[in-house]
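Structural overview for review
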Amino acid sequence: MRRRESDPSRRDLSYPPLPEALRVGVYDNHTHLEIADGEEGLDWREQLDRASSVGIRGVVQVGTDVPTSRWSAEIAAIEPRMLAAVAVHPNETPELKARGGLDDALAVIDELAGRPRVRAVGETGLDYYRTAEDGRAAQIEAFEGHIAIAKRHGLALQIHDRDAHEDVVDTLLRVGAPERTVFHCFSGDAGLARLATSHGWYLSFAGTVTFKNAENLREALEVAPRDRILVETDAPYLAPVPVRGRPNAPYLIPHTLRAMAAVLGTDPSMLAAQIASNTEAVYGRWSDEPPLPSEPPRGADAGRFGVDA
């Protein structure tokens, strides 16, 4: 498995205990099960088993480069609890462009987008936090290429947007957003939430919405129409309060879901039912395309390395 890069001396590396199960099941809109974290290094089967035990009905497994996108597509093809998203992460694109490999990588993503149970292109977008200004043109080029792939295959688009809100929105409006567009790990404020949802785009909230210093996210959640809200982990990153800092996993979604319900002053089961419906509106039902009756590809759990999503 690919292993998350972090300083173990500054983190509790034990996986948290199982939270109380949800009464109404929901989906994890965005996770990275190819990245190992913690002392146990749970593989994707154990991750999904734990998630199922607390009411997580399925996950969207997200690629960040060609190898992880291929792995995501291959496992989703045989696993009924998983759908896949495929893409090259924006932080990977400047180096790919510099060595002349961006077009080839996008061609592979285009091929993978036609595979069984691949329901989204992502995560793609813009990241001005980790990439310097001289890499932005490559990010925008790749973003536009991913948008074209999503529209060509009729798939949803999962956006990575970090410190680039204005250019992300401008790109979507300039080239035309896919019909189903999701801001993964939404990081904007109420203003961006109103703007995005006015165009019919979805906002996916991660464990960050539970953080003490994230009042902007809670304000965004409050103004977002209920039919445009999703929930995710971005595991193994961004574990929610009360387990912040520890390895994250899809089975920890109940913490985030209940915190969101508290912000909205609604019953967690009612919110879970709404979010489950929203998620199926974006990706279809997990049972719509039955998985293939085959074993995982040889080496599917090997060769994975961490990309901070």
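Residues numbered from 1 in each chain as written. Predicted model: local features only at pLDDT ≥ 70, side-chain atom pairs only at ≥ 80, totals over all residues. Heavy atoms only, no water.

Here we come to the overall build of the chain. When its secondary structure is counted, the chain shows 10 helices and 10 strands. For the C-alpha atoms alone, the extent of the chain along its principal axes is close to 50 × 45 × 45 Å. Put simply, the chain has 309 residues, and 57% of those count as buried. Across the chain, contacts joining residues at least 24 apart in sequence account for 78% of those joining residues at least 6 apart. Carbon and sulfur atoms make up 48% of the accessible area of the chain, which amounts to about 12300 Å² in all. (Helix = DSSP H or I, 4+ residues; strand = E, 2+ residues; numbered from the N terminus. Buried < 20%, exposed > 50% of the residue type's maximum accessible area, 1.4 Å probe, protein only. Contact = heavy atoms within 4.5 Å. Areas by Shrake-Rupley, 256 points an atom, 1.4 Å probe, with all protein chains shown as cover.)

What follows covers the sheet that holds strand β9 (residues 202-205). Taking strand neighbours across the sheet as the criterion, the eight strands line up as β2-β4-β5-β6-β7-β8-β9-β10 in an open arrangement whose pairing is parallel. Strand pairing shows two members of the sheet lacking a second neighbour, β2 (26-31) and β10 (229-231), which therefore form its edges. Recorded for the sheet is a direction-independent mean angle of 30° between the axes of neighbouring strands. Two strands pair when backbone bridges link them, and strand β5 (residues 82-86) and strand β6 (residues 118-127) are joined in this way by three bridges, in the parallel orientation. When the bridges of β6 are listed, alanine 85 appears paired with alanine 120. The sheet contacts of helix α6 (residues 165-175) involve β6, β7 (156-162) and β8 (181-183), and relative to β7 the element is tilted by about 155°. (Pairing = 2+ DSSP bridges. Axes fitted to C-alpha atoms, helices over the stretch in contact; angles between N-to-C directions.)

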